[in-house]
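# Inside the fold
The lines below spell out each chain.
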Amino acid sequence: MAALEATLVIGDLLGERANVEIHSTRQDFVYRPHSVGMPFGTAVKTYDLPALAGRCGAEFHPDNIMSVDDSARLATTFHGTSIPYDHLLFAAGASRRWPISGATTFWGIGEAADIEEIIGRFKTGRIRRAAFTMPSVGDWSLPMYELALLTDAELSRAGVADYELTVVTPEDRPLQLFGTHVGDAVASLLDRRGIEVIAGAHPTSFEGGRLQVAPDASLEFDEVISLPRIEAQAAGGFIHDSGGFIRIDEHCRALHCERTYAAGDITSFPVKQGGIAAQQADVAAEAIAAELGVPIAPSPFDPILRGVLWTGHEPLYLQHRLAGEDDGGSVVSTDPPWDGGGDKIVARRLTSFLAEVDAEHDLELRH
Ligand SMILES: Cc1cc2nc3c(=O)[nH]c(=O)nc-3n(C[C@H](O)[C@H](O)[C@H](O)COP(=O)(O)OP(=O)(O)OC[C@H]3O[C@@H](n4cnc5c(N)ncnc54)[C@H](O)[C@@H]3O)c2cc1C
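Because the structure is predicted, anything quoted here is derived from the model rather than measured.

This paragraph deals with the site of the ligand. Every one of the 32 residues lining the ligand counts as a neighbour, but A2, P33, G93, G264 and G274 are closest to it. At the level of elements, helix 1 (2–14), strand 5 (65–69), helix 4 (142–157) and helix 6 (274–291) are the ones that each hand at least two residues to the shell around the ligand. Of the residues contributing to the shell around the ligand, the split by class is 15 nonpolar, 12 polar and five charged.

To continue, consider helix 1. With 13 residues, helix 1 should cover 18 Å at 1.5 Å per step; its first-to-last C-alpha distance of 18 Å lies within 8% of that length. Close packing links the buried residues of helix 1 with strand 1 (20–23), helix 2 (49–56), strand 4 (58–61), strand 8 (88–90), helix 6 and helix 7 (350–360). Phi turns positive one or two residues past the end of helix 1, at G15, with a value near 55 degrees.

Now for the nonpolar core. Among the nonpolar cores identified, the biggest contains 102 residues, and A6, F90, A91, A262, A263, A281 and A284 are the most heavily contacted of them. In terms of residues, this core owes the most to one element, helix 6, which gives 10 residues. The contact partners of A91, leaving out residues within four places of it in the chain, are A2, A3, A6, A263, G264, I266 and A281.

Another aspect to go through is the domain arrangement of the chain. Where interface size is given, it is often the accessible area lost as the parts come together that is meant. Structurally, the chain comprises domain 1 (2–94 + 232–301 + 345–361) and domain 2 (97–229). Distance between the C-alpha centres of domain 1 and domain 2: 31 Å. The interface is formed by 13 residues belonging to domain 1 together with 15 residues belonging to domain 2.

As a further point, take the sheet that holds strand 22 (residues 331–333). The strand order across the open sheet built from three strands is 20-21-22, with neighbouring strands paired in antiparallel fashion. The strands lining the two open edges of the sheet, one partner per strand, are strand 20 (304–309) and strand 22. For this sheet, the mean inter-axis angle between neighbouring strands, taken without regard to orientation, is 10 degrees. Note that strand 21 (residues 316–321) and strand 22 share three bridges and pair antiparallel. Each bridged residue has a counterpart across the sheet, and for L318 the counterpart in strand 22 is V332.

Another point: the environment of E16. When you line up the elements, E16 lands in the loop between helix 1 and strand 1. Accessibility expressed as a C-beta count within 10 Å gives 7 for E16, which makes it exposed. Spatially, the C-alpha atom of E16 lies 29 Å from that of G237, the residues being 221 residues apart in sequence.

Pairing in this open sheet of five strands is parallel, and the strands run 10-17-11-12-13 from one edge to the other. In this open sheet, the two strands that pair with only one neighbour each are strand 10 (104–105) and strand 13 (196–198). Pairing analysis gives five bridges linking strand 11 (residues 129–133) to strand 12 (residues 164–168), with the strands arranged parallel. Considered in strand 12, the bridge of A130 is made with L165. Contacts between helix 3 (residues 112–123) and the sheet are confined to strand 10, strand 11 and strand 17 (223–226), with strand 17 contributing the most and set at about 150 degrees to the helix.

Further remarks concern the packing of helix 1 against helix 6. A pair of packed helices is characterised by two quantities: the angle between their axes and the separation of those axes. Following both chains from N to C, one finds helix 1 and helix 6 inclined at 35 degrees, their axes separated by 8 Å at the closest point. Here the hand of the crossing between helix 1 and helix 6 comes out right-handed. Together, A2, E5, A6, V9, I10, L13 and L14 of helix 1 and A277, A278, Q280, A281, D282, A284, A285, I288 and A289 of helix 6 make up the contact between the two elements. Classifying every residue of the contact of helix 1 with helix 6 gives 13 nonpolar, one polar and two charged.

Turning next to helix 5 (residues 179–192). Here helix 5 is 14 residues long and its end C-alpha atoms lie 20 Å apart, about the 20 Å a rise of 1.5 Å per residue gives. All of the buried residues along helix 5 are G179, V182, G183, A185, V186 and L190. In a view along the axis of helix 5, the buried residues occupy a sector of 160 degrees, so they form one face of it. The exposed set on the far side of helix 5, more than 90 degrees from its buried face, consists of S188, D191 and R192.

Right, let's talk about the pairing of strand 5 for a bit. Here strand 5 pairs with strand 6 (residues 74–77) via four bridges, running antiparallel. Counted as the bridge partner of I65 is T77 from strand 6. Counting the residues in the hairpin turn of strand 5 and strand 6 gives four residues, including R73, whose phi is positive at 55 degrees.

Bringing the environment of G93 into the picture now. Topologically, G93 is positioned in the loop between strand 8 and strand 9 (95–97). Take G93: there are 19 C-beta atoms within 10 Å of it, and that puts it in the partly exposed class. Along the sequence, G93 and A263 sit 170 residues apart, while their C-alpha atoms lie 8.4 Å from each other. Apart from the residues within four sequence positions on either side, G93 is in contact with Q233, G264, D265 and I266.

Calculation criteria
- Residues numbered from 1 in each chain as written.
- Predicted model: local features only at pLDDT ≥ 70, side-chain atom pairs only at ≥ 80, totals over all residues.
- Near = placed C-beta within 6 Å.
- Helix = DSSP H or I, 4+ residues; strand = E, 2+ residues; numbered from the N terminus.
- Nonpolar A, V, L, I, M, F, W, Y, C, P; charged D, E, K, R; others polar.
- Expected span 1.5 Å × (residues − 1).
- Contact = placed C-beta atoms within 7 Å.
- Core = buried A, V, L, I, M, F, W, Y, C linked by C-beta atoms within 7 Å.
- Buried ≥ 20, exposed ≤ 12 C-beta atoms within 10 Å, placed from the backbone.
- Domains from an automatic or database assignment.
- Pairing = 2+ DSSP bridges.
- Axes fitted to C-alpha atoms, helices over the stretch in contact; angles between N-to-C directions.
- Left-handed = near helix turned anticlockwise from the far one by under 90°.
- Arc of directions from axis to C-beta.

And the structure:
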């Protein structure tokens, strides 16, 4: 997400003066936020990444960047090739790992069938209690709440009467990253829908029908569905935090670097989310354009968290400014409080760009 967003903004600011290359071994761009709807019948869009890159104005190279040398302005690929650059934005995302042994981990489209299977067992009365959980507080928790709410909507539409759904979260309250105003609204929605929330609970393993929760609780469920744990990707030439994520300044320049930037899940900013990745990409792109003589004052990173919560009924649009102490500017609404429509990736340029591509249906891969 960050690489495409930055390419679009660089294109807007510099036009044909910039030669942009995207390096990645991945050949597709999956619209990952929609994957939570897949077990309930939503199609997930997948685009041809080289074609998408071309349409953004970038040359696509099918190789991964393993390290950078900022002073020599050289990047090294997995196969050892050196690539010279004037400016580089590292946006390699994060890895996802199994967090809780014995639980079903929901990573995205690959696990839609597992969730469908669990729903099927509810419908035939083979199970009646499921927990939805996640390993750590800073991870993007929205899909966990969506899976619980969408499961509830599906079971109630199917006329299943006897089921219990519980969210077991290490957060202090639902959607903690969004602050108290949004968290309270979502807590009351879950309450109205009969979904119990156990907060401040760190799940460790699920065995023999019992979910172990640190420090010393043991909860009984038939099924546990967990989000994955997010881990850093290895990358040489950067200053990392203790978790291996790349440290950046307020313009998303990698620490102790002049021409090398980082954006998105790979950075040490604790919130791993697509909209945040895109905002970092915008900040880095502006800083690069300013260095290349574009007459703008590059904006510093001032993150606003925006999310679209699929509830199984009307979606809720959530917004919260992450800097500052209070909830001023926090919004929960049934209409998007931002420009650019109601889709899940909220980005200055990528949202409208993907909408244009969708309108032409030309770069979408159909399975
Ligand atoms: C189930 C689920 C639901 C989500 N829902 C939402 C949502 O509703 N809203 C939202 O904003 N976010 C959501 N997210 C989070 C969002 O998908 C990520 O935060 C976002 O994709 C991060 O963007 P990024 O550019 O940092 O990394 P990515 O989008 O992960 O892109 C990184 C790219 O770099 C490539 N790469 C990896 N290593 C290298 C390398 N060494 N060299 C070159 N390329 C490399 C990868 O193959 C990948 O293509 C969701 C995530 C999941 C799993």
